[in-house]
Amino acid sequence: MNATWSRFNIVSITLGFAFLYLPIVLLVIFSFNESKLVTVWGGFSTKWYSALFRNQGLMDAAWVTFRVGLLSATIATILGTLAALALTRYTRFRGRVLFSGMVFAPLVMPEVITGLSLLLLFVAIGFDRGFMTVTLAHVTFAMCYVAVVVQSRLVSFDRSLEEAAMDLGATPVKTFFAVTLPVILPAVISGWMLAFTLSLDDLVIASFTSGPGATTLPMKIYSQVRLGVTPEINAACTILIGIVTLGVITVSVVNKRREVQRQRDEHAAQRG
Amino acid sequence: MQRAIAALTSRLVIVVPYLWLLAFFLVPFIIVFKISLSTTAIAMPPYEPVMTLSNGIGAFFAQFRDLHFDNYAWLGGDPLYMRAYLSSVVIAAISTFLALLIGFPVAYGMARAPATLRPTLLMLVILPFWTSFLIRVYAWIGILKPEGLLNQFLLFTGIIDTPLVILNTHTAIFIGIVYSYLPFMILPLYASLEKMDYSLIEAANDLGCPPISAFWKITFPLALPGVIAGCLLVFIPAVGEFVIPDLLGGSQTLMIGKTLWNEFFANRDWPVASAVAIILLLLLVVPIMFFQQAQARAQEQGK
C-alpha cells in the first residue's frame, strides 16, 4: 500500500518539476544555438552573447533596471519591515483593518490596475514620468511582499528577548538594532531579494509609470519579443536567470549556515 | 523623556508605511475613479478636468451635477467589453481549476517526501517564481509555435502527422497561466498538507475506508484552507492578466487586462481605461476581501 503511494508521489513530483523547469532549460539551451532560427539546432555558439553586449539599447535598459531595482528594493525593505512590525506588534490602532487591507491587497491586485492608478496619480500631481516614478511604483508593490515575508518571521519571534533588553535600559531603537534585527535578518534579506527581482521582472507597472529615457529591460525585451523570438533575447534571458539563480542559492546557503550556527550557539549556551 | 521617545518611535513604525500606502495605493484609486467620470480631450493629460478645488468650495459641490457616467454607459452598451470581462473570468476560472489539478499531487508528494528532502523541494518550487514572468511566458512561444519544439517532438515521434495549432489559441493561454502561477498554487497547498496528521488516513484504511473516499473525507477537508488560498492567489491576478494573453493568445483573444492596455496605450482614451479598471476592481473586490480574511486568519493562527 505504502509503496504504491510513494511511487505515485515520486511520479507526480517528477512530472511537476519537469513542467516547471523544461521551458526554462530549453530557453537556455537555445541561447547557445548557432542558427538564427530559435527552434532548429545549428551547433554550439556564444555569438548571441557578444551581439548582446554590443546592443547599446539593451545595455542602457539593463543599467536603468539595475538602478531602479537597487533603490526600490532598499526603500521597500525598510518600509515593508516597518509595516510588518506594525502589523505584528500593534494589534490595536485606529485604521488597522484598512492598513492590513492595503498591505495584502497589492499582492493579488492585477498589475494593469496598479500601473494605471499610479500613473494617474503622478499625472495628477504633475510629477514628470521617468526613473523616479518607476522607482516609487516598484517600492509600493514590493513593500507588501517584504511585509509578508518579514511578518512570517516576526510571528515566531520570542518577545521576551526584547523585553529583557528594554528592562536592562536599552531604548526601543537600540533594542530593535541589537536584538530584533539580527534575529529577523534572514527574512529581511530574503525580502530585499524578492523586492529586487520583482522590480527586475516587472513589465506592466513599469510600462505605465515610465517616461522617456527610463526604458527598463523588460520593456525592451517585450518590444522585441512582439517582433518575434530571437536568440539574442534568449541570451539576455539566460543571463538574467543566471544572476537570479546564483543570488537565491547564495542567500539560502548563507541563511542555512546562520541557522546551523545559531542552533550550535544556543546549544552551547544551554550547556555552559 | 525616554517614555516619550518610545511612544514616538512606536508611532513612526505605524505612521510611515501607513502614509506611504495611503498616498501610493489608496489615493490613486480615488483618482482613477475621478477620471473615469471625465471625458476624453485632445490635450495632455488627455481628459477634461473634473472635481477640482481651484474654484473654491461652492464651485466644487456644483461640479457634482456635471459628472459624466457616459464612460460606464459606453462600457455597458458595447457587448465587446462585456464579453471581455466574461471571457477573462471564464479563462481565469478554468486555469485555476487546471492549476489545482496539477498542483495538488505535486504538493501532496512534497508533503509526503522524506523530511530531509522537503526544504530542497520547496526551494525548487520557489525558484521559477524568482525568474522573470516575461521570460517564462516567452519561453513557451518557442515551444508552442507551429514549427516549435513541441510540434517537432510530436512529429518526430510519429504521434501526429500535421503540426498542432496551439499558439494564439485559448489552450496556449491556459498553459501560460497554469505554468506561471503554479508555484502560487503549490505553496499554500503544501503548507496545509505538511501540517496534516497522516495517521488519520492509516486509521481510515484500517477501518476499511477505501483510499479515494479517505481522500475526500480526510485529506481534502484538511487541505481546504490551502486550496482556497491557492485558488484565490491564481484566480485574482489571472483575471486581469495582460502579458500571457498578449504574447500567447493572439489578436482575437478577449481578456480585460489586454483591453485596458489597448484603451490606454493604443487609443489613448484614459477615461474609458479608468472606467474599465473600476469595473474590473468591482468584479474582484469580493475575492480580494475573501483573500484578505484568509490571510488575517492564517496570521492569527500563526501566533
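Residues numbered from 1 in each chain as written. Chains lettered and ligands numbered in written order. Predicted model: local features only at pLDDT ≥ 70, side-chain atom pairs only at ≥ 80, totals over all residues. Heavy atoms only, no water.

As recorded in an unreviewed UniProt entry, chain B goes by the name ABC transporter permease subunit, listed as coming from Oryzicola mucosus. Here chain B is described in UniProt, under the heading Sequence similarities (unreviewed entry), as follows: "Belongs to the binding-protein-dependent transport system permease family. CysTW subfamily." Per UniProt, chain B carries the Subcellular location (unreviewed entry) text "Cell membrane". (UniProt positions renumbered as here; feature names shortened; annotations may be inferred.)

Naming follows an unreviewed UniProt entry, where chain A appears as ABC transporter permease subunit of Oryzicola mucosus. Under the heading Subcellular location (unreviewed entry), UniProt records this for chain A: "Cell membrane". Per its UniProt entry, chain A bears the Sequence similarities (unreviewed entry) comment "Belongs to the binding-protein-dependent transport system permease family. CysTW subfamily."

Attention now goes to the overall build of chain A. Scanning chain A for helices and strands turns up 11 helices and 0 strands. A separation threshold of at least 6 residues defines the contact pool for chain A, and within that pool the share at least 24 residues apart is 71%. When the accessible surface of chain A is summed, it comes to about 12,700 Å², and 66% of that surface belongs to carbon and sulfur atoms. Measuring between centres, the 21 positive side-chain charges of chain A sit 3 Å from its 14 negative side-chain charges. (Helix = DSSP H or I, 4+ residues; strand = E, 2+ residues; numbered from the N terminus. Contact = heavy atoms within 4.5 Å. Areas by Shrake-Rupley, 256 points an atom, 1.4 Å probe, with all protein chains shown as cover. Lys, Arg positive; Asp, Glu negative; His and termini not counted. Charge placed at Lys NZ, Arg CZ, Asp CG, Glu CD.)

Taken together, Leu-86, Val-90, Ile-94, Phe-97, Leu-98, Leu-101 and Ile-102 of chain B make up a surface patch of nonpolar side chains, about 620 Å² in accessible area. Secondary-structure assignment places Leu-101 of chain B in helix α4 (residues 79-112). (Patch = residues over 30% accessible without salt bridge, like charges linked within 9 Å, V, L, I, M, F, W, Y side chains within 5 Å. Salt bridge = Lys/Arg side-chain N within 4 Å of Asp/Glu carboxyl O.)

The subject of this paragraph is the pattern of salt bridges. Residues and elements named next belong to chain A. According to the stated counting rule, one finds 6 salt bridges over all chains in the structure shown. Ionic pairing is found between Glu-34 and Lys-47, a salt bridge with its closest N-O pair at 3.2 Å. A residue pair is termed long-range when its members are at least 10 positions apart, and Glu-34 in the loop between α1 (2-30) and α2 (47-54) and Lys-47 in helix α2 qualify at 13 residues. One salt bridge in this structure joins Arg-89 and Glu-162, with 2.9 Å as the shortest N-O distance. One end of the pair, Arg-89, is in helix α3 (residues 56-89); the other, Glu-162, is in helix α7 (residues 159-167), and 73 residues separate them in sequence. Since its relative accessible area comes to 15%, Arg-89 is described here as buried. One salt-bridge network, in which partners are shared between bridges, spans Arg-89, Arg-159 and Glu-162. (Buried < 20%, exposed > 50% of the residue type's maximum accessible area, 1.4 Å probe, protein only.)

Further remarks concern the side chain of Ser-274 of chain B. One can find Ser-274 of chain B in helix α13 (residues 270-302). Residue classification places Ser-274 of chain B among the buried positions, given a relative accessible area of 0%. Here Ser-274 of chain B is in contact with Leu-116 and Leu-120 of chain A together with Val-32, Ile-35 and Ser-36 of chain B, once residues within four sequence places are set aside.

Taken residue by residue, the interface counts 88 residues in chain B and 94 residues in chain A. When chain B packs against chain A, close to 8,100 Å² is buried across both sides, 81% of that on carbon and sulfur atoms. Broken down residue by residue, the surface that chain B buries against chain A is led by Trp-20, Trp-130 and Tyr-138 of chain B, which jointly contribute 10%. Across the contact surface, chain B and chain A share 1 salt bridge. As a salt-bridge pair, Asp-246 of chain B and Arg-226 of chain A come within 3.6 Å of each other at their nearest N and O atoms. Counting across the chain B and chain A interface gives 7 residue pairs in polar contact (both at pLDDT 80 or more). For the side of chain B that touches chain A, the leading source of residues is helix α1 (residues 2-36) of chain B, giving 22 residues. (Buried area = accessible area lost by both parts, 1.4 Å probe. Polar contact = N/O pair within 3.5 Å; in protein donor to acceptor, adjacent residues only side chain to side chain.)

Here Leu-284 of chain B is to be found in helix α13. Sequence-wise, Leu-284 of chain B and Phe-104 of chain B are 180 residues apart; in three dimensions their C-alpha atoms are separated by 25 Å. Those residues within four positions of Leu-284 of chain B in sequence are excluded, and the remaining contacts are Pro-110 of chain A together with Ile-236 and Val-239 of chain B.

A few words now on the packing of aromatic side chains. All names here are of chain A. Per the stated rule, a full pass over the model turns up 34 aromatic pairs over all chains. Ring centres of Trp-63 and Phe-66 lie 6.1 Å apart, and the angle between their planes is 20°; on these two criteria the pair is classed as stacked. You can see Trp-63 and its partner Phe-66 sitting in helix α3, 3 residues apart, about one turn around the helix. Under the relative-accessibility criterion, Trp-63 is labelled exposed at 51%. (Phe/Tyr/Trp six-rings, centres within 6.5 Å; stacked < 30°, edge-to-face > 60°.)

Once that is clear, we can look at the side chain of Thr-65 of chain A. Residues and elements named next belong to chain A. Note on placement: Thr-65 falls in helix α3. Relative accessible area serves as the criterion here: at 4%, Thr-65 is assigned to the buried category. In contact with Thr-65, not counting residues within four places along its chain, are Leu-200, Thr-216, Leu-217 and Pro-218.

All names here are of chain A. Here the UniProt-annotated "transmembrane region" (unreviewed entry) positions come out as residues 12-32, 61-85, 97-125, 131-155, 176-198 and 233-254. Along residues 131-155, the helical share is 100% and the strand share 0%, with 36 Å between the first and last C-alpha atoms. Here residues 233-254 is 100% helix and 0% strand, with 32 Å between the C-alpha atoms at its ends.

Using the residue numbers shown here, the UniProt feature "domain: ABC transmembrane type-1" (unreviewed entry) corresponds to residues 62-252 of chain A. Segment residues 62-252 of chain A splits into 82% helix and 0% strand. End C-alpha atoms: 25 Å apart.

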